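The primary structure of each chain is shown beneath.
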Amino acid sequence: MSLIPASMSSAVADRAKILGTLETLVIGAGGGLLFLWLNLPGGLISGAMVAVGIAALAGRPVTMPPILTQTVLVLLGITLGSLVSRQLIQHMSAYPLTIGLLALATFCSTFGSSFYLQRMHGWDQTSAFLAGSPGALSQITILAAEKGADVAAIAVVQTMRVIILTAALPLLLAFTGIAPTAPAEIASLIASPLELAVLAAAAIAVALLLRLAKFPASWMFGAMIASAVLHGTDLIEGGLPPWMRSVALVGIGAVIGTRFSRISKSTLVSHINAGLGSFAVAIAISAIFVTVIVLSTHVRFADVVVAFAPGAMDAMLALALTLHIDPIFVGAHHLSRFVFVSITTPGIVHLFGRPQEDVDD
């Protein structure tokens, strides 16, 4: 029988969560500001992610409660939608070709990474296929648990891929001089208080509708759709104030960094080589398809790189925002890959993975 009353125990737990959240936000803001001060590309998101990730590995109780995560995703979606213009929409004619190639690239990189993990690290087929599948981490984790796969190892490989891409892509695009610069009007136009209220109400309403429909990444995409419609029809011209955009970028970086809190240091160390190797294979295969698209279409190289990067939707769309890359193109492709992975992965595991009777033994 516990000597501590239930109400007191609950209060202590709630206080610990609040302090953990505050610590996460402070660490994330500090990391983002440091990277921004160092003038690193994508500094707010990558700095927050790195700082919170290091804190998580150091054993700090970093956490982001669902309400804060959802708020960050809505702010991110509103900002992405405010970048929509008629010029961006005109480029949609190239989407069928590039989305088709993205599906093929996803298929090839999944099998390539899986083959590497099996041959070089001795993974079983089911765990290797699930670890090599880019994106849709929640669905992958559930499927891994159902099939008796190595959930911890899969989480390490998937998390490392997102972390490396989020940190490395801005540096790659900046150092090669490929990333476009921001149009001046995007940074200067700020919606009025009434317009901000309309944006927030529409974003939350559409996000809730998508959530009821079980739409993937509903908070971010719902806000993005609502904002895109309002801005695309010229009903609203301005966007969020710069400080709100900064909060969204730091917030999403902190959310990504907290993923390391679910992975023990021993598990990370034991699978770090597998994560790095499979990541290299996936990037090499994706690079082939990116080259084909750049040579055969008029789509900008930076847009294709971020759209084909095998990372999480929220992280890649946040990078599209901070690097001033076409959010419609990137969003359409990452959503397409999410749907492709969610639909095909169970079938691939069933056909090529370890038989269920072996799992049960």
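Residues numbered from 1 in each chain as written. Predicted model: local features only at pLDDT ≥ 70, side-chain atom pairs only at ≥ 80, totals over all residues. Heavy atoms only, no water.

Visitor: Sorry if this is basic, but what is going on with the overall build of the chain here?
Guide: Tallying secondary structure elements over the chain gives 17 helices and zero strands in all. Long-range contacts, defined as pairs at least 24 residues apart, comprise 78% of the intrachain contacts of the chain with a sequence gap of at least 6. (Helix = DSSP H or I, 4+ residues; strand = E, 2+ residues; numbered from the N terminus. Contact = heavy atoms within 4.5 Å.)

Visitor: Teacher, can you tell me more about the packing of aromatic side chains here?
Guide: Aromatic rings in a pair are described by how distant their centres are and how their planes are angled relative to each other. According to the stated counting rule, one finds two aromatic pairs in the structure shown. Measuring from ring centre to ring centre gives 4.7 Å for F107 and F111, while their planes differ by 40°; the resulting arrangement is tilted. Taken together, the positions of F107 and F111, both in helix α5 (residues 95-121) and four residues apart, correspond to about one turn of that helix. For F107, a relative accessible area of 37% corresponds to the partly exposed category. Between F111 and F129, the aromatic rings sit 5.1 Å apart at their centres with planes inclined by 70°, giving edge-to-face as the arrangement. In this pair, F111 is assigned in helix α5 and F129 in helix α6 (residues 125-132), connecting sequence segments 18 residues apart. Classification of F111 by relative accessible area gives partly exposed; the value is 24%. Linked through ring pairs, F107, F111 and F129 together constitute an aromatic cluster. (Phe/Tyr/Trp six-rings, centres within 6.5 Å; stacked < 30°, edge-to-face > 60°. Buried < 20%, exposed > 50% of the residue type's maximum accessible area, 1.4 Å probe, protein only.)

Visitor: Help me understand the packing of helix α13 (residues 265-296) against helix α14 (residues 301-308) in this model?
Guide: The description of two packed helices rests on the angle between their axes and on the distance between the axes. Relative to each other, α13 and α14 sit at 150°, their axes nearing to 10 Å. In this structure, α13 meets α14 at a crossing whose hand is right-handed. Taken together, the residues of α14 that come into contact with α13 (itself represented by S286, F289, V290, I293 and V294) are F301, V304, V305 and F308. Taken together, the residues of the contact of α13 with α14 sort by class into eight nonpolar, one polar and no charged. (Axes fitted to C-alpha atoms, helices over the stretch in contact; angles between N-to-C directions. Left-handed = near helix turned anticlockwise from the far one by under 90°. Nonpolar A, V, L, I, M, F, W, Y, C, P; charged D, E, K, R; others polar.)

Visitor: Any chance you could explain a nonpolar patch on the surface here in plain terms?
Guide: The grouping of I18, L19, L22 and L25 at the surface amounts to a nonpolar patch, some 350 Å² of accessible area in total. Inspection of the secondary structure puts L25 in helix α1 (residues 6-37). (Patch = residues over 30% accessible without salt bridge, like charges linked within 9 Å, V, L, I, M, F, W, Y side chains within 5 Å. Areas by Shrake-Rupley, 256 points an atom, 1.4 Å probe, with all protein chains shown as cover. Salt bridge = Lys/Arg side-chain N within 4 Å of Asp/Glu carboxyl O.)

Visitor: What is the right way to look at the pattern of salt bridges in this model?
Guide: Pairs can form between side chains of opposite charge once their charged atoms are near each other. Counted by the stated rule, this structure contains two salt bridges. The partner of R300 in a salt bridge is D303, and the shortest N-O contact between them spans 3.0 Å. For D303, a relative accessible area of 5% gives the class buried.

Visitor: Would you mind showing me how to read the environment of S278 here?
Guide: For S278, the position within the fold is in helix α13. Under the relative-accessibility criterion, S278 is labelled buried at 2%. Along the backbone, S278 and G112 are 166 residues apart, and their C-alpha atoms lie at a distance of 8.1 Å. Not counting chain neighbours up to four residues away, the residues in contact with S278 comprise S113, Y116, L117 and V157.

Visitor: Which parts of the structure should I look at to understand the side chain of S218?
Guide: One can find S218 in helix α11 (residues 218-232). Given a relative accessible area of 6%, S218 falls into the buried group. Excluding residues that lie within four positions of it along the chain, S218 makes contacts with A207, L210, R211 and A223.

Visitor: Would you mind going over the confidence of the model for the chain with me for this structure?
Guide: Low-pLDDT portions of the prediction should not be read for the details of their coordinates. Per-residue pLDDT for the chain averages 80, and the proportion of residues at 70 or more is 84%. Of all helices and strands in the chain, the one with the weakest mean pLDDT is helix α17 (residues 356-360) (40), whereas helix α10 (residues 193-212) scores best (91). Under a pLDDT of 50 for its full length, residues 181-187 has, in the predicted model, five contacts with residues more than four places off or in other chains. Confidence over residues 355-361 falls short of pLDDT 50; this stretch has five contacts with residues more than four positions distant or in other chains. (pLDDT = per-residue confidence, 0-100.)

Visitor: How do you make sense of the nonpolar core when you look at a structure like this?
Guide: Within soluble globular proteins, side chains that are nonpolar tend to cluster in buried spots. If you look at the biggest cluster of nonpolar residues, it comprises 81 residues, and the most contacted ones within it are F221, F308, M316 and I325. Excluding its chain neighbours within four sequence positions, the residues that come into contact with F308 are T98, L101, L102, A105, S286, F289, V290, I293, H333 and R337. The next biggest cluster of nonpolar side chains, apart from the first, holds 18 residues, and it includes Y116, A128, L143 and V341. (Core = buried A, V, L, I, M, F, W, Y, C linked by side-chain atoms within 4.5 Å.)

Visitor: What is the right way to read the side chain of T110 from this model?
Guide: Considering the arrangement of structural elements, one finds T110 in helix α5. With relative accessibility at 8%, the residue T110 sits in the buried group. With residues up to four places along the chain from it excluded, the contact list for T110 reads F129, G132, S133 and P134.

Visitor: Just to check I follow, could you spell out the environment of A202 for this structure?
Guide: Considering the arrangement of structural elements, one finds A202 in helix α10. When its relative accessible area of 23% is taken as the criterion, A202 is described as partly exposed. Along the chain, A202 and G222 lie 20 residues apart, while their C-alpha atoms are 8.8 Å from each other. Excluding anything up to four places from it in sequence, A202 contacts A226 and L230.

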